Amino acid sequence: MGDTAEGGPGPRGRHQQEFEDKALPYLKPLFRLAFRLTGDPAAAEDLVQETYLKALQSFRTLRDPERVRPWLFQILSRLVIDRHRATAREVPLEDPDDLDRFSLYDQIVAEDPLPYSDNLHDEFLAQFPDEEVRGALLALPQVYRMPLVLLYGEDLSYRELAEVLGCPVGTVMSRLHRGRKALERELWECARRRGLIKVWTP
Amino acid sequence: MTQRMTCEQAMRQFFAYLDRALEGEPLHAFETHLEDCLDCCDRLQFSRRVDAFVKERLVDAPLPEGLEDRLRGGLRRVRDAGKA
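Residues numbered from 1 in each chain as written. Chains lettered and ligands numbered in written order. Predicted model: local features only at pLDDT ≥ 70, side-chain atom pairs only at ≥ 80, totals over all residues. Heavy atoms only, no water.

Caption draft 1: Spatial organisation of the overall build of chain A. Looking only at helices and strands, chain A features eleven helices and zero strands. The helix and strand sequence of chain A, counted from the amino end, reads α-α-α-α-α-α-α-α-α-α-α. Considering chain A as a whole, with its 202 residues, one finds that 48% of them fall into the buried category. Long-range contacts, defined as pairs at least 24 residues apart, comprise 63% of the intrachain contacts of chain A with a sequence gap of at least 6. Accessible area of chain A: about 10,400 Å², with a carbon and sulfur share of 51%. (Helix = DSSP H or I, 4+ residues; strand = E, 2+ residues; numbered from the N terminus. Buried < 20%, exposed > 50% of the residue type's maximum accessible area, 1.4 Å probe, protein only. Contact = heavy atoms within 4.5 Å. Areas by Shrake-Rupley, 256 points an atom, 1.4 Å probe, with all protein chains shown as cover.)

Next comes the structure, spelled out in structure tokens:
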């Protein structure tokens, strides 16, 4: 009641204006995050739109106006996880212990893909086109991709990650550990697919 | 008297160390292990490289043209619908 069609100066209009003033400055980081998580500009735009609509609905519950960025990240990350749940058969990919034990460092030493290199590990990495590295990140399950993208791309601390992901710091720690292991293995598999590694059986 | 850390225990802490999330006694134990273990130093160095390698390759996508306007439009439509 008492609102004008243009969105001000009634209470609803003021509320909306305040929301836009506080939340829209984070459009760039939010889009960047969405793009890195989806790898697709149209999907990223959808995700950002939906994030802002959700955010507007729950803006009244935001207590600390200084915490707008993590709050928006949190809404976006929940949307990603929910969508993922709705579309994917999120079967646990494998035994996490196997993943924990995977070591790209050891794998490179053991299979020695560049037999004449003095700098085996660096040269192994140097073989990857940028696009394939991004592809490896996009191939990870969201549960690992999200914390890694937030860490690498937005420099969030473990505490901030826990807040955004809505889980304890210990869980953040283990997801970042397994996420990196999964990424290492993805890089290895990618090298294998590209024929960078000759697999031989004695 | 603190127990010495094994390589396996140290490796579980690699990423927390790289992310500067270790402190106090666990950090001390980890660094003590590194002082005596060249193998873990090499591995840690490699993990640091992989981190930097991936981080450098994240793209900074430019905002699609008109996104902010579309967004404001969408938000206003929601408000107006809510009012109806």
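Caption draft 2: Layout of the interface of chain B and chain A. The interface of chain B with chain A comprises 36 residues on the first partner and 50 residues on the second. Sorting the residues of chain B by area buried against chain A places Phe 46, Leu 75 and Arg 79 of chain B first, and these three jointly supply 17% of that buried surface. For the pair chain B and chain A, the number of links is ten salt bridges. As a salt-bridge pair, Arg 76 of chain B and Glu 20 of chain A come within 3.0 Å of each other at their nearest N and O atoms. Where chain B meets chain A, there are 15 residue pairs in polar contact (both at pLDDT 80 or more). Broken down by secondary-structure element, the contributors of at least two residues to the side of chain B that touches chain A are α1 (7-18), α3 (38-56) and α4 (67-83) of chain B. Per-element accounting of the side of chain B that touches chain A gives the leading share, 13 residues, to α4 of chain B. In terms of residue class, the side of chain B that touches chain A is built from 18 nonpolar, two polar and 16 charged. (Buried area = accessible area lost by both parts, 1.4 Å probe. Salt bridge = Lys/Arg side-chain N within 4 Å of Asp/Glu carboxyl O. Polar contact = N/O pair within 3.5 Å; in protein donor to acceptor, adjacent residues only side chain to side chain. Nonpolar A, V, L, I, M, F, W, Y, C, P; charged D, E, K, R; others polar.)

Caption draft 3: Representation of the packing of helix α9 (residues 142-154) of chain A against helix α10 (residues 158-165) of chain A within the structure. All names here are of chain A. Where α9 meets α10, the closest approach of the two axes is 11 Å, and the angle between their N-to-C directions is 135 degrees. By the angle between their axes, α9 is oblique relative to α10. For the crossing formed where α9 meets α10, the hand is right-handed. Counted together, Met 146, Pro 147, Leu 150 and Leu 151 of α9 and Tyr 158, Leu 161, Val 164 and Leu 165 of α10 form the full contact between these two elements. (Axes fitted to C-alpha atoms, helices over the stretch in contact; angles between N-to-C directions. Parallel < 35°, antiparallel > 145°, perpendicular 65-115°, else oblique. Left-handed = near helix turned anticlockwise from the far one by under 90°.)

Caption draft 4: Quick look at the packing of aromatic side chains. With the rule as written, the count across this model stands at nine aromatic pairs over all chains. On the basis of an interplanar angle of 35 degrees and a centroid distance of 4.6 Å, the ring pair of Tyr 17 of chain B and Phe 30 of chain B is categorised as tilted. Highlighted residues: Tyr 17 of chain B in helix α1 and Phe 30 of chain B in helix α2 (residues 24-36), separated in sequence by 13 residues. Site record: aromatic cluster; members linked through ring pairs are Phe 19, Tyr 52, Phe 59 and Trp 71 of chain A. Taking the ring centre of Phe 102 of chain A as reference, the NZ or CZ of Arg 185 of chain A above it sits at 5.9 Å. (Phe/Tyr/Trp six-rings, centres within 6.5 Å; stacked < 30°, edge-to-face > 60°. Lys NZ or Arg CZ within 6 Å of the ring centre and 35° of its normal.)

Caption draft 5: Geometry of the pattern of salt bridges. In total, this model carries 27 salt bridges over all chains according to the counting rule given. Of the charged contacts in the structure, one is a salt bridge between Asp 100 of chain A and Arg 12 of chain B, with a shortest N-O distance of 3.1 Å. Of this pair, Asp 100 of chain A sits in helix α5 (residues 96-101) while Arg 12 of chain B sits in helix α1, each in a different chain. On the accessibility criterion, Asp 100 of chain A (15% relative accessible area) is buried. Judged by relative accessible area, which is 41%, Arg 12 of chain B ranks as partly exposed. For the salt bridge of Arg 192 of chain A with Glu 189 of chain A, the shortest nitrogen-to-oxygen distance reads 3.8 Å. Of this pair, Arg 192 of chain A and Glu 189 of chain A both sit in helix α11 (residues 169-193), three residues apart, roughly one helical turn. Among the charged side chains, a salt-bridge network with shared partners connects Glu 20 of chain A together with Glu 68, Arg 72 and Arg 76 of chain B.

Caption draft 6: Layout of the side chain of Gln 74 of chain A. Of note, Gln 74 of chain A is situated in helix α4 (residues 68-87). Not counting residues within four places of it along the chain, the set of residues in contact with Gln 74 of chain A comprises Glu 163 and Val 164 of chain A.

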